[in-house]
Amino acid sequence: MTVDTNYVYEVTTINDSLLAGTVPAVRGLAKVQVPVPENFILDENETNKYLMHTSDPFLNGNLKVSQPGGAGTPIIMTTTSPIVFANNSAKLSFIGRYTSTQTSGQSEAPSGGVDLGDGKKHYFGAVNIDTGETLDPSAISPEARGFAQKVLPKEDPTVHENYGVIIHYSNSEQTSNVDVTLVSDYNSLKNDSVKSEGDIDPVKRPILANGDSSAPVLYAVGLLANGLTEFTPTYHFEFPEEITTTGITLPLNNVTDDHADFKSYNPAQSGYTVVVTGSDGTKITQRLQAGENYDPLTGQIDHFGEFRIGKKLAAGVRIVAYDVTPDAKYYANAYQNSINGTTNREALNDINSGLINILGHLNSKAQLGQTYKSKIQVESENKRLTTNFQVEVSEPLKLPVQGYGGPESYLRNKEPTTYKPGDTFTLGLETLGTVSKSGTGKNLDAGGVLTGKGNKTTTDLPGHALAVEYGTIKEPIVYLTLPDQTTLTNFKNSDQFYQVTFDKNDKNQVAPQPKITQKQNADGKTVMVLDWTGTGFELKPKMRVLFNLQVVSDAVNGFDTGLSKQDLYVYKKNGGESDLYTADQLKN
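Per chain, residue numbering runs from 1 following the sequence as it is written. Local features in this predicted model are restricted to residues of pLDDT 70 or higher, and side-chain atom pairs are both shown and tallied only at a pLDDT of 80 or more, whereas totals for entire chains, interfaces and linings draw on every residue. Neither water nor hydrogens contribute to the side-chain values; these are computed over all heavy atoms in the structure.

Peer 1: Sorry if this is basic, but what is going on with the environment of Gln585 here?
Peer 2: Think of it this way: any DSSP run of H or I at least four residues long counts as a helix, any run of E at least two long counts as a strand, and we number them from the N terminus. Mapped onto the elements, Gln585 comes out in helix α3 (residues 583–587). Taking the C-alpha atoms as reference points, Gln585 and Ala522, 63 residues apart in sequence, are found 9.7 Å from one another.

Below, the structure is given as structure tokens:
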């Protein structure tokens, strides 16, 4: 630690024996006494502001923190409403600093008492906070530790900043978000190499050939600082010609409005300076406020639903790089986190309130099988971290096809279906997968957030989820082997024995007429062939091709309905006509 520098501290309280026999996540009232070293002072204003904005559900203004005796005396933390003690502990935070290097930097573990809802005060820690009596040290939680720090003067040569880079993005499957933190050792200065808590594997994204005015967030970047002094980071982002970036959105939470700060611990920024480099070598410098979205291609600046025009690149010039510098220095152990979506959910490819958001997508120059890198570099007075965000073109997934309809069987203890002569039933196939469509849900409602009315205004920052694409089966040929003792019959109110159905969102779709032929297979069974060759027809997700069958009038008991789990293969013997065969038949 160094003097005259605020840090966030977290106190872990309670112990296993105290909560033995209680239900998980018990709620209760608590008072905690935190001994501090000599010349350590609580920053009460910063602490209260932080506790009002923290994401911890049991805080949010429910914890009052003070240091009645001044520097070097215990900090008193009191809850005003029941808080949650999950996993046999509760984590309480405060902000403070050392005013002098004349300190041991040591203190005892916190002590306190808690009412777990039974009307009794249960004591924990080093002493009984009401009587001063020493408690059994074996009952102190291993996590409940006091201060153990070395305090250095500001001018000490070892005092400098340290931080990791947080990269937030949606996974290839578009099912969840991923956070990767790149870190380096404290003594690693001006070093381009980094260590990663998890490798950043290439992420797959579709090509948006014609661009997209509401392009999704390509990735978002923030910092997690654990150094000894304040610092000013500069963020650098580069883009190859295969990645089109359509703008940048700055952190929303680093503003002074009470409703805006969600999960970060960082100074309020009066603004940011963004330098944009174009593909023709030109540079434009734009001054922006916290939370604003800026599109250098059009010059449009979105100030929470109010628009103005700033500087823009010349027509036809693409964005090669952004360089972003905040006005105010970051705290020594600042951290940036985020919330996105209007209901606190982790929306995919959406704006993140606490991070720098890079909007963008792969364009038509991207090729399948290639990996494209967007350089990310954060540099400050004494440190540099560099990495690459990697993107690959996503291939359409193979369209799953399975059988549909038919009689029930003995599976799952169900009785077999019984048909009488003249009964009808349906057999066919269906495609699975999902129908491609852009996300239509609301994203982060910046205007609403700033007024404490999230999801209740019409303003909305850019971003939407990307649909995972499935391939199609082009001009399919569908074979139906008729079960014994059945015949094809037209569907009700139709002059056809087959039907093609589409996803419910594909309204008014009509399949073209296939070429229909009838033949016999090697087993002497009748096979109907529906051939869409040359029609341009495609099977897409959520479709069905159905056949209407009827039991013949002279049917007898025990006929085979023709359902089979075997794969059948189209094969042409000795230049003859194509037919369907099982794998065993082909071996012979």
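Peer 1: Explain the pairing of strand β16 (residues 243–249) here, please?
Peer 2: Within a regular beta strand, the side chains point alternately toward one face of the sheet and then the other, so they alternate between its two faces. Partly exposed residues are those whose accessible area sits between 20% and 50% of the maximum for their type, while under 20% is buried and over 50% is exposed, using a 1.4 Å probe and protein chains only. Taking burial as the measure, the seven residues of β16 include six buried ones, the bulk of the element. Here β16 runs beside strand β23 (residues 356–362); their pairing, made up of six bridges, is antiparallel. Looking at β23, one finds that Ile243 is bridged to Leu362. Summarising the sheet, β16 and strand β19 (residues 293–295) pair through two bridges and their orientation is antiparallel. Within β19, the position partnered with Thr249 by the bridge is Asn293. Two strands form a pair only when DSSP identifies at least two bridges running between them.

Peer 1: I tried to follow the pairing of strand β32 (residues 515–520) on my own but got confused; where do I start?
Peer 2: Relative to strand β33 (residues 526–531), β32 runs antiparallel, the two being bridged by six bridges. When the bridges of β33 are listed, Gln520 appears paired with Thr526. Turn length for the β32-β33 hairpin, with the two strands adjacent in sequence and antiparallel, is five residues, and the turn residue Gly524 shows positive phi of about 80 degrees.

Peer 1: Help me out: how do you make sense of the environment of Tyr265 in this one?
Peer 2: Within the secondary structure layout, Tyr265 lies in the loop between β16 and β17 (272–278). For Tyr265, a relative accessible area of 3% gives the class buried. Sequence spacing of Tyr265 and Gly354 is 89 residues, and the spatial spacing of their C-alpha atoms is 9.5 Å.

Peer 1: Please explain the sheet that holds β32 as it appears in this structure.
Peer 2: Pairing between sheet strands relies on hydrogen bonds along the backbone, with the strands arranged either parallel or antiparallel. As summarised here, the arrangement of the three strands in space is β29-β33-β32, forming an open sheet in which the pairing is antiparallel. A strand with exactly one partner marks an edge of an open sheet, and here the two such strands are β29 (477–481) and β32. Neighbour-to-neighbour, the strand axes of the sheet open up by a mean angle of 20 degrees, direction not taken into account. The angle between two axes is taken between their N-to-C directions and runs from 0 to 180 degrees, where each axis is a line fitted to C-alpha atoms and a helix contributes only its stretch in contact.

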